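# Structural features, examined
Chain by chain, the residues:
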Amino acid sequence: MKKTIFAVVLSAVLSLSAGASFAAPSLDVGFSPEGSALKVVLKTLDEAHDSIRLMGYSFTSPEVVKSLVAAKKRGVDVRVVVDDKGNRSKASQAAMNVVVNAGIPLRTNGQYKIMHDKVIITDGQNVETGSFNYTRSAAESNSENALLIRGVPALAQTYQAHWQSRWDGGTDWHSGY
């Protein structure tokens, strides 16, 4: 089953990028609560060199926050947009405050019933997506998946345009401390 899914996804990735100049695409997949989904997400963030654009529904993961702040410290241009209603808890607001206090622009978007996207675009060529919310529950309790598609600039540009539309509709988050 995994080989069939991998073959279908690889075929789709290759057809999306036909004619583009790029390094050979590659895929990583992870699942939770087994632990590999969080590893895929953190690897995506930790390998970014130029830019990170994250959009998420729920945002409380200390590990994700730590990787975003580390990326900012190594000179990566980091921006985050999250759902407004899905991030009203103390844990979400604490995570958002840490990000903003590290100098990372963060916006909340309340234009939709829920902004249920879970996507990271890095360096204009990589996309991490799946059901994985950026929360400890997603890593430890829920059945989730994360898929990293590397080296497909056309796909990254499509996701970047979607991310930009949600960023443009968002409101700047200001730290409560």
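Criteria and cut-off values
- Residues numbered from 1 in each chain as written.
- Predicted model: local features only at pLDDT ≥ 70, side-chain atom pairs only at ≥ 80, totals over all residues.
- Heavy atoms only, no water.
- Helix = DSSP H or I, 4+ residues; strand = E, 2+ residues; numbered from the N terminus.
- Buried < 20%, exposed > 50% of the residue type's maximum accessible area, 1.4 Å probe, protein only.
- Lys, Arg positive; Asp, Glu negative; His and termini not counted.
- Salt bridge = Lys/Arg side-chain N within 4 Å of Asp/Glu carboxyl O.
- Polar contact = N/O pair within 3.5 Å; in protein donor to acceptor, adjacent residues only side chain to side chain.
- Contact = heavy atoms within 4.5 Å.
- Expected span 1.5 Å × (residues − 1).
- Pairing = 2+ DSSP bridges.
- Phe/Tyr/Trp six-rings, centres within 6.5 Å; stacked < 30°, edge-to-face > 60°.
- Lys NZ or Arg CZ within 6 Å of the ring centre and 35° of its normal.

Let us now look at the side chain of Asp117. Note on placement: Asp117 falls in the loop between strand S4 (106–109) and strand S5 (119–122). The buried charged residue Asp117 lacks any salt bridge partner; its closest oppositely charged side chain belongs to Arg166, at an N-O distance of 4.3 Å. A polar contact is formed between the side chain of Asp117 and the side chain of His162, at a distance of 2.9 Å. Discounting residues that sit within four places of it in the chain, Asp117 has contacts with Met55, Gly56, Tyr57, His162 and Arg166.

A word on helix H3 (residues 62–73). Counting along an α-helix, one turn takes 3.6 residues, and residues three or four places apart therefore face a common direction. For H3, spanning 12 residues, the distance from its first C-alpha to its last is 16 Å, which sits close to the expected 16 Å at 1.5 Å a residue. Every buried residue of H3 is accounted for by Val64, Val65, Ser67, Leu68, Val69 and Ala71. Just downstream of H3, Gly75 is the residue with a positive phi angle, here 95°.

In this section: the pairing of strand S7 (residues 144–150). Burial of S7 is extensive: 6 of the 7 residues sit out of reach of the surface. Sheet analysis places strand S1 (residues 26–32) next to S7, joined by 7 bridges and oriented antiparallel. Bridge pairing in S7 links Ser32 to Glu144. Pairing of strand S6 (residues 126–130) with S7, which is carried by 4 bridges, proceeds in the antiparallel orientation. Looking across to S7, one finds that Glu128 is bridged to Leu148.

Attention now goes to the packing of aromatic side chains. Taken as a whole and assessed by the stated rule, the structure comprises 2 aromatic pairs. Judged by centre distance (6.3 Å) and plane angle (70°), the ring pair of Phe132 and Tyr134 falls under edge-to-face. Neither residue differs from the other here; Phe132 and Tyr134 are each classed as buried. Between Trp163 and Trp167 the ring centres are 5.2 Å apart and the planes differ by 15°, which places this aromatic pair in the stacked class. Here Trp163 and its partner Trp167 are both found in helix H6 (residues 153–168), 4 residues apart, which amounts to about one turn of the helix. Pair check on accessibility: Trp163 and Trp167 agree, each one buried. For Arg53, the ring lying beneath its charged end belongs to Trp163, and the centroid distance is 5.4 Å.

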